[in-house]
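# Chains, contacts and geometry: an overview
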Amino acid sequence: MGNVVRCCQTLLHYFRCKDAATWGEAERSPLLSSGQSECDSPSLTDDLEDDLLTVCTGVADTNSALEREHFLFPDIILSSNLRGEMTLVEPMVCLLVSEEDDGGGEGARMDEPGDEWPETRYRGMYRFYSEVETQTEVETQIRTGVQTQTESQTEVQTQTEILLCSNKSVEREKHAEVDTQTNTEAETELVQAILADQDVTQRSDAALEAQTGRESHDPWTDRDVDDTKGNDSVTVQDRMESQRRQQTEHNNTETEEDFVGSECCAEPTQQNHKSNEETEQRSVKEEDTRLTSGLSADHMCTTPSLGCDVAQTEGRLGDKESTHIQEAKDQTVTDEPPVEESETKPATLYLVDKLFLAAPHITASPSQSQESLDDVPQQTDPDETKQLSVQDVVKLQESGFPLRIQAPGTESFELQVSGQMLVAELHQVLMDHENTCQRTCFSLQLGGAVLDNQAELHATQGVQDGDVIKVVEDSYSVRDARLHLRHVRDLLSSLDPADAYNGVNGSSLSYLTLYTRREMDSESSGKRRASNQESVDLSPPEYILPGCKDRPLTAMQPVRDTCKPLQCLRILTMSSWNPPPGNRKMHGDLMYLNVLTMEDKELNITSSTRGFYLNQSTAFNFNPKPAVPRILCHSLVELLGQVSPAFRRNFSALQRKRVQRHPYERIATPFQVFTWIAPHGDHTLDCVRAEETHTSRMGQDEHTAGQSREWNEELQGCRELQRGNLQERLHRERSVFKTNSDFVAAATRGAVAVVDGNVMALNPAEPPQMQMFIWNNIFFSLGFDISDHYRPLGGNTAAHAAAVCDLRGTQAYASIDTDGLHTLGTAVVDYRGIRVTAQTIVPGILEKNQEQSVVYGSNDNGETVHTHTRFLELLDKTSKLLRIQRHQVLDHSSSPVELSSSVETKGILGNDGRHYILDLVRTFPPDLNFPLTEAEEKEEVPPECQRLSFPRQHLHSLASLRPELVEAFIQHRYELFTNMVSLEINQQVEANSSEGIQDEDMEQSEDQGAADQTTATTDTDFKRRRAIQRACKAVGSVSDSYFDIRFNPDICSPGVRFPPECAEELQRHRKLLWDAAAFLLSHQIPAVLKDCLDHTAVPMDGASLTSALHQRGVNVRYLGSLLEELDRMEHRERMSHVQRIAISEIIIRSAKHVFRLYLQDVEPAAFSAAVSHFLNCLLSSSSCLPDSGSDELLSRRRSRRRRSHGSRVALLTDSVWARLTPSDLWSRVKTEARGYYHYTVHSESIDEVIERHGLQRISLLREIAIKTGIQVQLREYVFEARHRPAFSEEDVVNMFPVVKHLKPTATDATQLIQQAQAAVQQGLLRDGYELINQALTLFSTICGVLHEDVCLCLRLLGRINYISGEYADALNHQEKAVMSTERLHGIDHPQTVLDYTYLALYCFAGGRLSTSVRLLYRARYLTLLVSGEDHPQVALLDSMLGLVLHGLMEYDVSLKFLQNALILTSKYHGATSLKHARSHHLLATVYESKGEFRMALQHEKESYSIYKSQVGESDASTKESSEYLKSLTQQAVILQKAINQIYSNTPSACVPPPKFPTPSLLTILQQLNLTCGIILLPLSVKDLADLRTELKAQEKLQVKELQSQLLK
């Protein structure tokens, strides 16, 4: 930020006479870190789904399953063809494919090797399932970083696509026109004329070939998969597979593939990161096969540029109609023959998981998308280039080979390594290996030659398969000895969760193995599953059952068997005799250690250059000579093992347990994760912790004693690395990621040290709020207004908000990654109520004064403005992608100055010659709905804003629009633009056609006719240009010849003056900003509520609700407006969970604002008392609060004499914070909610709000703790006690920093993920699986295995495995994904709940039934803790639990969950929904199994009546329900007869005994799939034809309606 610049004048005298510091070489850890990827996720269009499903309902009577209510969270309809490659299809269309016994359909590549799948290995290949994710908004973790959007096509391409839209408009009316040939010729000529200047066809073909021209590589055949491995007997899975094969053989018939094509108009702005309402589309030039419903901008989006932006659809029914489009595209696609009407073979309709539709946080950076487009024309063969890239990835995957490791004193062992692994990484692997974990100081040698640590194994000469790598012990240095001591300490505490509780060393909690290990252990011991189930108690805990109000916290962190690891030593500390005297240094002594063994034997150990040995020193006598026995060991572990039998025994047992843990539980996370609740732990002696604390306060790296890293040089140097090929890009991105993660860790430690007062200020004479710091070569500034710089913007409130705004701007520019333009490493840390901004230091900035530093922009709010040619050139490259308009402002001399950014942006030329930009606060357009002062001109406010009482005064003037909103608005305007142009051109073509018919009756000479034709052509071109100009003006384009919308970021900047001649342009830009603000209110906020109403978004807590808002581009400050809109909704009773979460989020965020100011008045000695006092005032119902101001240093019994003289220690009760009362706090919270969120809380206390809206105090505690960094004690809290407060001082365990930081991207891996999404959307699961597998390798190489992108790849792979019936692989991938989510986001994160849910489904399918039940219990408990029982997610979990327990014949417990699911389904989906009907049916089946036929009949009648009213009597679901009713009636009659015969004494004919059927496990699995949204729907050829007809008719109707609206 600009604090560095503003303080330079004051600090100049500190540095003028100082020489430049000599920095040591940066020390880089050989381990790769990984990090989270937290962008907002794009989502799906909902209206398209509604339209498609509505049509499907009317196609045939058997299509009721396509109703939205028939499955959980509906998504797009797509194919899941596993064997053949098919034509690429626009994402939002219905694909109809066939199931064939041998080979694919006509679209399959049967002539290519590797396409046929062995049927013996893929028994589930005909079971094509695809599922619907239940909650995409939490798929990511909740991101604070910003990924900007891109605009990557040229102006001519824009005109081309405008005219292609015109072609489409003409095509819509083609069947009603007399002369269609004239229209086609005119359109084709115009398209070809524009294509002459820009080779759009070449780009389209290149993208097309990149998708379809790849060589087939079958990853499935390269992997050994055995579903029954490890099972010695027939398992449940085998029985289910047998039943499924029988059903498949019965239903499997040959059909031909049939496609319903699609078209979509690709926007000229290549966009990578879309809002939730948008859907991915391809720029394909067909109209009659278009199936997307609606042209509003709320439902339009383009796919990122990966060669997937051109959809390749050539529908059979529209071959003739698309001929002119083929000519314009100049590409050859084989037309497929039309469907034979005589065919009666069925096809199958599937749903594709929205997880594949848009990876929530996998978004290509703007730069890579731009480069991918710009590079295509320069390639001689783009397809060949893409092939080489993919082949590189495949080679990277297959480059693993075995090596033999020979360590001293042990037998050699084999280790599988990757060719891409660095020698330094192999070093780290050996330090973690069971056989070599006790060694740290060694080198690796091959044939006597030492391997280079920074070299990759495949590049090391002589390294081959099976080579023996020797571990050679090296001499120690002081640094090596310290690292060895730290490593030994880590080994001894490897099973201790203390580091995870304390939030250090990359440790975090994971409890998955506690629920999955039990059954796995029983299987490994050879027990049968049947006997295992009998011995396992599957009854749920009391607090899990429906209706229970208890929310125990202790169950959140269950006790492990290894929670108390074996103790190997009592004490291991540094000796007080350190450091060694000079004479002992001459003998090689490095340091001295004190050890107390389990035998209570005191040992004094010397660490020397040769190793470790015992010395003769005591606590009071220094004698460094070796003791008897004279044992010298290179490892401290070896020495302790020889002198302490207890150590040797316990250490061996400890290591056995350590290596049994899953690697995902042991690997450190790249960014520290903090838990909000932890038990009180014993504080033990730890010399490593003590020394690290000392070095941390000194601003030194703990691994490089006495040294500091040059962070700026490291970060900029990594960004300047070459990126010409895949290997270079991988090396560059890995270096950037690693350096950034190290910087964030160092910045976090430094910020904590700054707030704790352990860092000397650069300006100690200034007030504390104005002080600045340098620690470890990182500049720290506080979030307060320095020198009244932010006074015009809102003072300290603006200064606090500016830090995050600057971080978002820095993320945007860093994502574009423009060569030559440099941004600073940045992190924002909130700790103990103070916001600290950490930044790298621009070289030389502290040696210059203010005037010399800034060469671009302004440092005084626009009074003095500078410009620079090179900065303008660099920023021009980014302005197009960031939608920033180049503009002029006036400087202090009233001279115009050109800028390509906001005035606030400062350009600084560093001493290293690099161009740096900072203070990127106003990167995104301002939000006019929230000005700092009331708007003076009310007439310019749009009616939409005025109707909702906007604009509303805000606390600062830095409110800006989110990038998702900007892109959604631009997409909306682009839709209007294309439709306006196409409508006008359509009218012109019709007029020209009618004039041409009249001219045929007139006799003209040949010359005169040619002249008239030329004049007519010129006139047509002129009219079309005029149409484009009018459309550009109407939508607010900055150009009058092509679509290009940009914003002026300085419109609302105070103090900025503009040239008088720009007044009209400024008015247009201001109107554009108002239109965007109105668009947010009129489109995006209702869209968020619609997402929640149809369960596309299912928020569970404040973070997931915030994510849902951000996906639509809605800021959190609109929460009040969201609640107002919700109150006006028709179905607001079905949105009670959203209302509850929104209100709690407003209260907690308002309380957080109050808490931040509250802590600033608290003295350090009273933090625990102050925090507990605040929590009591906020959440406790007790009216009597404890003496929070008591001081533990003061005696409770003070004599009169001492009281008379007064205590020198002031009582803490005199502090301001101690006088806070619950009523005062609630009043402040209400004021903050009204002032910031414009929401009025109509309650007099927190108790009244909780009672009125059904809030949970434990959920509120979780929210406030996570948002503020409070860590409370793990115990049960009683909030409702009237005479006892809920919290005491001892309940506040710690306070952690809340960190926001930059998120580097992985370009190649991101592109692979996007290509995989496109492939899966086509139904090409095999290709998608291959691409995801490759992306997984790249992400792991760059970020490490614990990273959100890796976690997403694992989810995708697991989903594809499950779809294809490979349950063992699905379990393996999903288990890793669950552990990653727990480690990265927390054990109670909403995404963790979802991952547990799907893992339970996979476990059930894989035959691990008891594990499935335990996982569902865990998921339900976490859901209750996070959001309470009144939530749609609980309905899903209860339905699944009821089904699984029904299959396990636990009928009574199953009924409890299913009855609760019935109530919740009726509330959140409606009493007449198909979901409610299914819930009734599930209850009927359980009652039938219990023999209670009366209740079964009652519920099935309810189900039948719903089906009958919703889908009609002729629907298959209604018929099935009717047949089931008959069966139940017959069984009830048989039972009644049997009862009557028993109670009657008269002999009668033998009555058959009643049957109490138990459903098969296959039936249960099918019901689970339906509950989770997995649909398999057979359709006949007649259904297909009706479906196409209805969809096309509906599309034409919508186009006509839109045209009529435009004409109005």
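Scroll up to find the structure this text is about.
Residue numbers restart at each chain and count upward from 1, following the sequence in its written direction. Local features in this predicted model are restricted to residues whose pLDDT is 70 or higher, and side-chain atom pairs enter the listing and the counts only when it is 80 or higher, whereas totals over whole chains, interfaces and linings include all residues. Computation of side-chain values covers all heavy atoms of the structure but excludes hydrogens and water.

On to the overall build of the protein. For helices the rule is a DSSP run of H or I covering at least 4 residues; for strands it is a run of E covering at least 2, with both sets numbered from the N terminus onward. The helix and strand tally for the protein stands at 51 helices and 29 strands. The cut-offs for exposure are 20% and 50% of the maximum accessible area for each residue type, with area from a 1.4 Å probe on protein chains only; residues under the lower value are buried, those over the upper are exposed, and the others partly exposed. Here the protein, with 1608 residues, has 62% of them falling under the buried criterion. Computed by Shrake-Rupley with a 1.4 Å probe, the accessible areas treat only the displayed protein chains as cover when residues are assessed. Carbon and sulfur atoms provide 50% of the accessible area of the protein, an area that totals close to 61700 Å².

This part covers helix H31 (residues 1102-1111). Taken across its 10 residues, H31 has nine buried, putting it largely inside the fold. Positive phi appears at Gly1113, one or two residues downstream of H31, with a value of about 80 degrees.

So, on to the pattern of salt bridges. Salt bridges are counted wherever a side-chain nitrogen of Lys or Arg sits within 4 Å of a carboxyl oxygen of Asp or Glu. Applying the stated criterion across every chain yields a total of 64 salt bridges. Between Arg1262 and Asp1388 there is a salt bridge; the shortest N-O distance is 2.8 Å. Of this pair, Arg1262 sits in helix H38 (residues 1257-1268) while Asp1388 is found in the loop between helix H42 (1367-1385) and helix H43 (1390-1405), placing the two residues 126 residues apart along the sequence. Across this residue pair, the class does not change: Arg1262 and Asp1388 are buried. Three or more residues are tied together by salt bridges with common partners; here these are Asp1101, Glu1145, Arg1149, Arg1262, Glu1263, Lys1267 and Asp1388.

Turning next to the sheet that holds strand S18 (residues 826-831). Between any two strands, at least two bridges found by DSSP are needed for them to pair. With antiparallel pairing, five strands are arranged side by side in an open sheet as S15-S16-S19-S18-S28. What marks the edges here is a single partner per strand, and that holds for strand S15 (772-775) and strand S28 (1298-1301). On average, each strand axis in the sheet is tilted by 20 degrees relative to the strand beside it, whichever way the strands run. Relative to S28, S18 runs antiparallel, the two sharing four bridges. Directly across from Asp830, in S28, lies its bridge partner Val1298. A fitted line through C-alpha atoms serves as each axis, taken over the contacting stretch for helices, and the angle formed by two N-to-C directions is quoted from 0 to 180°.

Attention now goes to the sheet that holds strand S10 (residues 569-574). Taken in spatial order, the four strands make up an open sheet running S10-S11-S12-S13, and their pairing is antiparallel. Pairing within the sheet leaves two strands with one partner each, and these edge strands are S10 and strand S13 (611-614). The average angle at which neighbouring strand axes cross in this sheet is 25 degrees, direction not considered. Strand direction decides the pairing type here: strand S11 (residues 589-597) and strand S12 (residues 602-608), joined by seven bridges, are antiparallel. Directly across from Tyr592, in S12, lies its bridge partner Thr606. Contacts between residues were defined by any pair of non-hydrogen atoms, one from each residue, lying within 4.5 Å. Set on the sheet, helix H13 (residues 478-492) makes contact with S10, S11, S12 and S13; between it and S11 the angle comes to about 20 degrees.

In this section: the packing of aromatic side chains. Here is the rule: rings of Phe, Tyr and Trp (six-membered ring for Trp) pair when centre to centre is within 6.5 Å. Planes less than 30 degrees apart are stacked, more than 60 are edge-to-face, and the remainder are tilted. Throughout the structure, instances matching the rule amount to 28 aromatic pairs. Each ring, one from Tyr1158 and one from Phe1174, has its centre 5.2 Å from the other, and the planes form 45 degrees; the classification is tilted. Taken together, the residues span a long stretch of sequence, with Tyr1158 in helix H33 (residues 1136-1159) and Phe1174 in helix H34 (residues 1167-1179) at a distance of 16 residues. The exposure class of Phe1174 is buried, given its relative accessible area of 0%.

Turning next to the side chain of His487. Relative to the helices and strands, His487 is located in helix H13. Apart from residues no more than four positions distant in its own chain, His487 is found in contact with Met431, Cys437 and Thr440.

Now for the side chain of Glu940. Turning to its location among the elements, Glu940 is positioned in the loop between strand S25 (915-918) and helix H27 (943-947). Assessed through its relative accessible area of 17%, Glu940 is described here as buried. A distance of 3.5 Å separates the side chain of Glu940 from the side chain of Trp1074, its partner in a polar contact. Among residues more than four places away in sequence, those in contact with Glu940 are Gln1067, Arg1070 and Trp1074. Under the rule applied, a polar contact is a pair of N or O atoms within 3.5 Å (in protein, one hydrogen donor and one hydrogen acceptor; residues adjacent in sequence only if both atoms are side-chain atoms).

Residues belong to a common nonpolar core when they are buried Ala, Val, Leu, Ile, Met, Phe, Trp, Tyr or Cys residues joined through side-chain atoms within 4.5 Å. With 258 residues, the main nonpolar core has Phe780, Phe977, Leu1119, Leu1261, Tyr1362 and Leu1401 as its most contacted residues. Here this core gets 15 residues from one element, more than from any other, and that element is helix H30 (residues 1063-1093). Counting 31 residues, the second-largest nonpolar core is a separate cluster that includes Val488, Leu491, Val595 and Phe647.

Each helix should span, by expectation, one fewer than its residue count multiplied by 1.5 Å. Taking 1.5 Å per residue, 19 residues should reach 27 Å; helix H46 (residues 1451-1469) reaches 25 Å between its end C-alpha atoms and fits that length. Phi turns positive one or two residues past the end of H46, at Gly1470, with a value near 100 degrees.

What follows concerns the pairing of S15. In regular strands, side chains alternate between the two faces of the sheet. Note: S15 against strand S16 (residues 778-782), four bridges, orientation antiparallel. By the bridge assignment, Phe773 is partnered in S16 with Phe780. The loop that links S15 with its antiparallel partner S16 comprises two residues; one of these, Asn776, has a positive phi angle of about 55 degrees.

A word on the packing of H33 against helix H37 (residues 1246-1253). Between H33 and H37, whose axes approach to 11 Å, the crossing angle comes to 165 degrees. Between H33 and H37, the angle falls in the class roughly antiparallel. At the point where H33 passes H37, the crossing takes the left-handed sense. Contacts between H33 and H37 pair Arg1140, Ile1143 and Ile1147 from the former with Ile1246, Val1249 and His1253 from the latter. Note on residue classes: Ala, Val, Leu, Ile, Met, Phe, Trp, Tyr, Cys and Pro are nonpolar, Asp, Glu, Lys and Arg are charged, and everything else, Gly too, is polar. Broken down by class, the residue content of the contact of H33 with H37 amounts to four nonpolar, one polar and one charged. Our angle categories are set so that under 35 degrees counts as roughly parallel, over 145 as roughly antiparallel, 65 to 115 as roughly perpendicular, and the remainder as oblique. Each crossing gets its handedness from the near helix: less than a right angle anticlockwise from the far helix is left-handed, clockwise is right-handed.

Once that is clear, we can look at the environment of Ile667. Mapping Ile667 onto the fold places it in the loop between helix H20 (663-666) and strand S14 (677-678). For the pair Ile667 and Arg1383, spaced 716 residues apart in the sequence, the C-alpha separation amounts to 9.5 Å.

Take a nonpolar patch on the surface next. The grouping of Ile1539, Ile1542 and Tyr1543 at the surface amounts to a nonpolar patch, some 380 Å² of accessible area in total. Relative to the elements of secondary structure, Tyr1543 occurs in helix H49 (residues 1516-1543). Exposure remark for Tyr1543: the relative accessible area of 71% places this residue in the exposed category. Only residues whose relative accessible area exceeds 30% and that take part in no salt bridge are eligible for patches, with like-charged residues grouped when within 9 Å of each other and nonpolar side chains (Val, Leu, Ile, Met, Phe, Trp, Tyr) grouped when within 5 Å.

On to the pairing of S25, then. Burial along S25 is two-sided: His915 and Ile917 and Tyr916 and Leu918, pointing in opposite directions, are all buried. Inspection of the sheet shows strand S17 (residues 821-822) paired to S25 by two bridges, in the parallel sense. Note on S25: the bridge partner recorded for His822 is Tyr916. Two strands pair when backbone bridges link them, and strand S24 (residues 906-909) and S25 are joined in this way by four bridges, in the antiparallel orientation. Looking at S25, one finds that Ile908 is bridged to Tyr916.

In this section: the environment of Thr1307. Here Thr1307 shows up in helix H39 (residues 1307-1321). Looking at Thr1307, the relative accessible area reads 14%, which means it is buried. In sequence terms Thr1307 and Leu1338 are 31 residues apart; their C-alpha atoms lie 9.6 Å from each other. Side-chain polar atoms of Thr1307 contact the side chain of Glu733, separated by 2.5 Å.

This brings us to unusual backbone geometry. Following Asn578, the chain continues to Pro579 via a peptide bond in cis, the omega torsion being -5 degrees. On the secondary structure map, Pro579 appears in the loop between S10 and helix H17 (582-585). Residue Pro951 is reached from Phe950 by a cis peptide bond, and omega for that bond is 5 degrees. Locating Pro951 in the fold gives a position in the loop between H27 and helix H28 (963-999). The phi torsion at Ser894 lies on the positive side, around 60 degrees, for a residue other than glycine. For Ser894, the location among the structural elements is in the loop between strand S22 (887-890) and strand S23 (896-899).

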